[in-house]
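Residue-level structural notes
Each chain, written out:
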Amino acid sequence: MADTVPTLNEEGMKKLGTRMRSLFEQHETDRRAAEDRWLQNLRQFRGIYDPEVSRMIPVGFSRAYPKLTRWKVIGTVARLMQMLFPQTEKNFGVGPSPMPDLSTEQLQQVLNELVAAKSQAQGVDPRDVELTDEEIEKAVFARAKQRAEKMEKKIDDDLKEMEFITLARKVVFSAVLYNVGVLEGPFHRKVKARKWQKDPNRGGYVAVEVDKYKPFLEFLPVWNWYPDMTAKTLDKQDMTFKRLFSPDNFRRLT
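Residues numbered from 1 in each chain as written. Predicted model: local features only at pLDDT ≥ 70, side-chain atom pairs only at ≥ 80, totals over all residues. Heavy atoms only, no water.

Focus on the packing of helix α2 (residues 32-46) against helix α7 (residues 164-178)
Contact geometry for α2 and α7: axes closest at 9 Å, N-to-C directions at 100 degrees. Classified by the angle their axes make, α2 and α7 are roughly perpendicular. In this structure, α2 contributes W38, N41, L42 and F45 to the contact, and α7 contributes F173, L177 and Y178. Tallied by class, residues from the contact of α2 with α7 come to six nonpolar, one polar and no charged. (Axes fitted to C-alpha atoms, helices over the stretch in contact; angles between N-to-C directions. Helix = DSSP H or I, 4+ residues; strand = E, 2+ residues; numbered from the N terminus. Parallel < 35°, antiparallel > 145°, perpendicular 65-115°, else oblique. Contact = heavy atoms within 4.5 Å. Nonpolar A, V, L, I, M, F, W, Y, C, P; charged D, E, K, R; others polar.)

Here is the structure:
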């Protein structure tokens, strides 16, 4: 049977586009009050008077602006980063729960290894080995702890590779300056990696290139984020919009 080519419902697409445009305009309107506060905060950080204040300053008079806010923001960001990301230790850890829940296959593997180790130690047939509930639970916990340690190393490696501390500093700075810091993710990207595989012909090991998916996060400036301002909490939002900038457009704006 030949594959059928799907056709787009042009009328339905137009209706969807119209509805999404209407929703975006509503989000844009609802966000306007927050934008005014963000602009006021940004001017205060950069040492720029608000337009209504600037108009009140006579011509020829000093327009010097004490940049106390800038010092406070920079100091607060530095202090928060020091507290959140101490240099002497990791700020996270992965460990097993008191009663780990492993898959059936993993549990069976733990039992097989436990029976084999005990039969060898006692010098008896594996079929004659008796295990207590305490021994089994202890072995299951040990396996879960081992897997948790591997997961912690993997997370630590992924965070360092994506330069998470630099990324987090942008989020913290935005949160201090605007009261909002947005971090998107997790996403994933495909990268090339290698693994070692035994060559059945030559008997040695060779490097084989494989595709691997790596997680990453992204910082989203508040100016590009249009949340549902009618929601009381983030998890209650109907939807959010994100403005996308091409590199050329961003260079023109800056």
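Still more to cover.
Focus: a nonpolar patch on the surface
Residues L8, M13 and L16 make up a contiguous nonpolar surface patch of roughly 320 Å² in combined accessible area. Of note, M13 is situated in helix α1 (residues 10-30). Given the relative accessible area of 45%, M13 is considered partly exposed. (Patch = residues over 30% accessible without salt bridge, like charges linked within 9 Å, V, L, I, M, F, W, Y side chains within 5 Å. Areas by Shrake-Rupley, 256 points an atom, 1.4 Å probe, with all protein chains shown as cover. Salt bridge = Lys/Arg side-chain N within 4 Å of Asp/Glu carboxyl O. Buried < 20%, exposed > 50% of the residue type's maximum accessible area, 1.4 Å probe, protein only.)

Notes on the pairing of strand β1 (residues 182-198)
Here 15 bridges tie β1 to strand β2 (residues 205-220), and the two strands are oriented antiparallel to one another. Along β2, the bridge assignment pairs K198 with Y205. Between β1 and β2, which pair antiparallel and follow one another directly, the connecting turn spans six residues, one of which, G203, has a positive phi of 85 degrees. (Pairing = 2+ DSSP bridges.)

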